[in-house]
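# A look at the structure
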Amino acid sequence: MVSVTDVGRRRVLGPVGFRLTRSDLAATVDRIGAAIGPSAQVKVGVEAAGHYHRPVLDYRWPSGWEVLELNPAHVAEQRRVAGRRRVKTDAVDLEAITELVLAGRGHPVVVTATVLGEIAAWAAHRSRRVAVRSATKNQLLGQLDRAFPGLSMALPDVLGTKVGRLIATEFSEPARLARLGESRLVRFAGGRDIQLRRPLAQRLVVAAREALPTAAAAVARKVLAADLALLGDLDIQIKAAEAELAMLVPRSPFATLTSVPGWGVVRVANYAAALGDPARWPSARQIYRAAGLSPMQYESAGKRRDGSISREGSVALRRALIDLGMGLWLTDPAAKAYAGELKSRGKHGGIIACALAHRATRIAFALVRDHAGYDPARWN
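Below, the structure is looked at part by part. The structure displayed is predicted, hence computed values, not measured ones.

Burial of strand β3 (residues 43-47) is one-sided: the residues V44 and V46 facing one way are buried, the residues K43, G45 and E47 facing the other way are not. Pairing geometry for β3 and strand β4 (residues 66-70), over five bridges, is parallel. Note that in β4 the partner of K43 across the bridge is E66.

What follows is the structure, encoded as structure tokens:
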């Protein structure tokens, strides 16, 4: 739906609806041009709506028309200001968008490097596959407990080791492993390029002999085999996505971030995907606030009260910043010392994580802005 309003807030056209097709949008643009005249200065405000608004943003608008992308949270807030917080219709949203555009809000849409879109796509693809893999592992462990009770006592990390994957794939039936014995199990693993020490092989064989069979073991093994096949496919897709990101990140404005200790390709790609075009951000403070990590603040009559983090902002950006902070915490000596100082002052883990995310935000913004590598002396 579209409406046209002049600078004096007089409605020129609409609101009218149109189909989101090339011909309908072109006809709507022609209709707008006929209503406003050829010499008018035009600003087009488009509310961001996931990926659904992208065809409108990427449309080849007439020369001289400025296209602005509006935050949906700002549109909702403008409805509240107009007394329509609980009234959401396309026409009401258009009125809110109009007020925001007339007030100078919105980000100008510019042609950005294709590499940023590719990074966002592959990072999102990897994140989805990692989430599915985690859920599949939980399902797989449940089926494994039914098929081979007691295995986790002998081998706590079944899916995180080559030996565990081997047992889950080849010996989900404990009776078969018990018949094989420890010596033949060691040779069997060696034939598949897996080093299995004899004490661990002995524990696995004992666990197989002591396993209590369940009535659901047979069907659990069938489901387990399907889950293992799915898990292997997910591992392949995740590795392929990481390989793509490893080629894309060095070609992006975020290439210098991989020089920071603890910031590998995946962490940097998640940050780049959540942040988008770095030129949109005037300072690290805006990035930190957009992630919802700034504390809530209430001040009235000279009294001020700060609360916990607001959580109002991009969840993906918040997770990316915290992850960058964790990378510093684990590997950077200066960050470790900073975290240790906060801990000695009685700060709990959540506060330390937010503090390191703030540190990571400033470092990442400065390195991207200056196109410089990480200098430990600068950030001590």
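On to the nonpolar core. Core analysis: the biggest nonpolar cluster contains 44 residues, and F254, L257, W263, Y271 and L321 have the highest contact counts within it. Mapped onto this core, the elements with two or more residues apiece are α5 (114-147), α11 (217-248), α12 (265-275), α13 (284-290), α14 (315-331), α15 (333-344) and α16 (349-370). At 12 residues, α16 tops the list of elements feeding residues into this core. Sequence-distant contacts of Y271, that is, excluding residues within four places in its chain, are made with F254, L257, I287, L317, A320, L321, L324, A364 and F365. In this structure, L144, L155, F171 and A178 belong to the second largest nonpolar core, which totals 31 residues.

The subject of this paragraph is the pattern of salt bridges. Counting across every chain of the model gives 16 salt bridges. Taking the shortest distance from any N to any O, the salt bridge between D93 and R79 comes out at 3.1 Å. Taken together, the residues D93 in helix α4 (residues 90-102) and R79 in helix α3 (residues 72-81) connect sequence positions 14 residues apart. The burial state of D93 is the same as that of R79; both residues are buried. Put simply, R378 and D370 hold a salt bridge, and the shortest N to O gap is 3.7 Å. Through salt bridges with shared partners, a single network forms among R79, K88 and D93.

The next thing to look at is the side chain of R359. One can find R359 in helix α16. For R359, which is buried and forms no salt bridge, the nearest opposite charge comes from D332, at a distance of 4.4 Å. A polar contact is formed between the side chain of R359 and the backbone oxygen of W379, at a distance of 2.4 Å. The contact partners of R359, leaving out residues within four places of it in the chain, are L328, D332, A334, A335, Y338, W379 and N380.

The three strands lie next to each other as β3-β4-β5, forming an open sheet whose pairing is mixed. The open sheet has two edge strands, β3 and β5 (107-108), and neither has a second partner. Across the sheet, α4 touches β3 and β4, and the angle it forms with β3 is around 130 degrees.

What follows is about the side chain of T98. Take T98: it is sitting in helix α4. Its relative accessible area of 17% is what places T98 among the buried residues. Residues within four places of T98 in sequence aside, it is in contact with S3 and T5.

Time to look at α3. Of the residues making up α3, those classed as buried are V75, Q78 and R79. Mapping the buried residues of α3 onto a view down its axis gives an arc of 105 degrees, with all of them on the same face. The inward-facing, buried residues of α3 abut β3, β4 and α4. Regarding α3, its N-cap is N71, as a side-chain oxygen of that residue lies 2.8 Å from the backbone nitrogen of A73 further along.

This next bit is on unusual backbone geometry. Following G14, the chain continues to P15 via a peptide bond in cis, the omega torsion being 5 degrees. Here P15 lies in strand β2 (residues 11-16). Look at D193: it is not a glycine, yet its phi comes out positive at around 60 degrees. Considering the arrangement of structural elements, one finds D193 in the loop between α9 (182-190) and α10 (198-210). Exposure remark for D193: the relative accessible area of 71% places this residue in the exposed category. One non-glycine residue, H371, lies in the positive phi region at around 55 degrees. By the secondary structure assignment, H371 is in the segment after α16. By relative accessible area, H371 is classed as exposed at 60%.

About the criteria used
- Residues numbered from 1 in each chain as written.
- Predicted model: local features only at pLDDT ≥ 70, side-chain atom pairs only at ≥ 80, totals over all residues.
- Heavy atoms only, no water.
- Buried < 20%, exposed > 50% of the residue type's maximum accessible area, 1.4 Å probe, protein only.
- Helix = DSSP H or I, 4+ residues; strand = E, 2+ residues; numbered from the N terminus.
- Pairing = 2+ DSSP bridges.
- Core = buried A, V, L, I, M, F, W, Y, C linked by side-chain atoms within 4.5 Å.
- Contact = heavy atoms within 4.5 Å.
- Salt bridge = Lys/Arg side-chain N within 4 Å of Asp/Glu carboxyl O.
- Lys, Arg positive; Asp, Glu negative; His and termini not counted.
- Polar contact = N/O pair within 3.5 Å; in protein donor to acceptor, adjacent residues only side chain to side chain.
- Axes fitted to C-alpha atoms, helices over the stretch in contact; angles between N-to-C directions.
- Arc of directions from axis to C-beta.

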